[in-house]
Every structure is written in C-alpha cells, then in structure tokens.
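Fold and geometry: a report
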Amino acid sequence: HRAAALKEVRPKDRLVRNARNTWKRYRSRPLPQEPLHVSIGNQSWRLHSNAHGLFELFVPVSAAVERHTWMRRGCTVSWRNPMGALIDQQHVPIADLSIHAQRVIISDVDDTLLLSHATRPLPRARLLLFRNAFKRESIPGSIAFIKSLQQGPSQSAFNPVFYLSNSEWNLYDLLLDFFYHHQYPSGPLLLRDQRVLWRDLIRNKRAFIHTHKRRWIQTLLEAYPQYGFVLVGDAGQRDPSIYWEFL
C-alpha cells in the first residue's frame, strides 16, 4: 500500500497526533499488480501484488537453507519498477518449525491479547482514533500465557505462534508496535486483506470475520499436519464456535 507518511509514534503523543496517524492508515491506496521478487537463500520467485496491493506465496523451502529456529538470512522481498530499478526492499525473518516445535499456536488478537472492545462500536472507534501502540492495554495475564504456550511444559520448546486477527492490514504497524512494546513472542500477523472504508471501523462484519478466520485455520492445519494445534480466543466474536468446527 502507498500511504502518507505516518508521524513517528511516541509514548507521549497527543490525541490529535494519534488521530492523524489513524486517518493516514485508512487513507492508504493499494498498489495492484506491482512486480515483486521474493528470495530465500538461493531460491527466488517472481510474482505480482493482488487487487488489494497484497501478496501470498506458499513455497517449499529446501534443506539447503540454513537450519535455525529463526533463519538468520530469512526472506527478502524486493519491489522494482517496470524498468527493474529497486524501489524498496524488506527483510523478514522466517521461523523453522522443524526445530524444537511440539505444537502450533493460533491466537486471536482483539479482546484476547489486546483490549479492543471489538463488539462495542463507539469504544472501539475511540481506541483506534486516540490510542497508539504504547497506550493500548493488553489483556491481563495474556503475555505470560502466550509465552508459556510457546515454550511448552519443558520451557525449552519453540512452538510457533500465529496471530490471527480480523483487523485490517491498515493496522499492521500499530499491532506490530503493540506486540513489540508488550514483549509478546514473535510470530506472523494474519490480518484481513479487504480494503475498508471508515464506516467499517464501527461495523462488525461477522460473516466476513468468520470466513477470514476459517480460511487461515484451515490453511495452517494443512500446512503443518504433523503438529497438534492450540487455538486461543474469546467469546466476543464467537471464536469458540469457529474453533469447534476444526475439532
């Protein structure tokens, strides 16, 4: 996505600054059909962003890639113009589930880890507008709980954690800063790929939310059939009823 530059987020930011940053997040414009180049070790792939300016890539990683709990070389995503000139490049670490993993953790975010008031439109909108990552509250006990799930009973495991949220990709940087600030275990954020309007901030789209979560849970179950799964959520958006379908 292309967006107006956000102001640097700081713990003591005023309400107006936070509101402006939220407005800019939702004013971002998708960049469809942009050429991208993804490389992992000595393997590489070319693809294009979709209509929402996002992309997904499912590939087998060969044994030639360095084996480590978090692969140090990770994944490099390059964005180039039609003439081949580099516009931007990002490096993303990759978790290797084959080392010390006993199970896979999938956790909801809103009102499970992050106080969001997801089912209360006005308080939800107020938090989005006026609270940045440093001022958002975590659910009491959730940090220690997720860390214990990641480490397992032996405290020596490396169980990967996937954060599955119905929040939009527009909020990716806010959520990333929140997890870093509160020291949650590192893990992929699986967010909604539907571009939204302001009215969506106060609308609870249950049908779409359920489809989004079902799709990613099914994808992860198929990707890691050799592992058991732990699903974490709350009753506010009917997570237990969704999870029950996969038992």
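Note that the structure is a prediction, hence the values are computed from the model and not measured.

Here we look at the pairing of strand β2 (residues 43-48)
It is a general feature of regular strands that their side chains alternate between the two faces of the sheet. As judged from the six bridges shared by strand β1 (residues 35-40) and β2, these two strands associate in the antiparallel manner. In the sheet register, Leu 36 faces β2, and the bridge partner there is Leu 47. Between the antiparallel neighbours β1 and β2 lie two residues, among them Gly 41 with a positive phi of about 60°.

Things to note about unusual backbone geometry
Look at Asp 111: it is not a glycine, yet its phi comes out positive at around 65°. Within the element layout of this structure, Asp 111 appears in the loop between β5 (103-108) and α2 (121-130). Here the phi dihedral of His 117 falls at roughly 55°; this positive angle occurs in a residue that is not glycine. We classify His 117 as partly exposed; its relative accessible area is 22%.

What about the nonpolar core?
Among soluble globular proteins, nonpolar side chains are generally buried collectively. Counting 17 residues, the largest nonpolar core has Ile 146, Tyr 163, Leu 175, Phe 179 and Tyr 184 as the members making the most contacts within it. Going through the elements one at a time, α3 (142-151), β6 (161-168), α4 (172-182) and β7 (189-192) are the ones with two or more residues in this core. Setting aside its immediate chain neighbours within four residues, Leu 175 contacts Val 109, Leu 114, Ser 167, Leu 189 and Leu 191. Formed by twelve residues, the second largest nonpolar core is a distinct cluster that contains Phe 162, Leu 164, Leu 220 and Tyr 227.

A few points about helix α1 (residues 15-26)
For α1, spanning twelve residues, the distance from its first C-alpha to its last is 17 Å, which sits close to the expected 16 Å at 1.5 Å a residue. Among the residues of α1, Asn 18, Ala 19, Asn 21, Thr 22, Arg 25 and Tyr 26 are the ones counted as buried. With its buried residues spanning 160° around the axis, α1 presents them on a single face. Among the exposed residues of α1, those pointing more than 90 degrees away from its buried face are Val 16 and Arg 20. Contacts made by the buried residues of α1 are with α2, β6 and α4.

About the cut-offs
- Residues numbered from 1 in each chain as written.
- Predicted model: local features only at pLDDT ≥ 70, side-chain atom pairs only at ≥ 80, totals over all residues.
- Heavy atoms only, no water.
- Pairing = 2+ DSSP bridges.
- Helix = DSSP H or I, 4+ residues; strand = E, 2+ residues; numbered from the N terminus.
- Buried < 20%, exposed > 50% of the residue type's maximum accessible area, 1.4 Å probe, protein only.
- Core = buried A, V, L, I, M, F, W, Y, C linked by side-chain atoms within 4.5 Å.
- Contact = heavy atoms within 4.5 Å.
- Expected span 1.5 Å × (residues − 1).
- Arc of directions from axis to C-beta.

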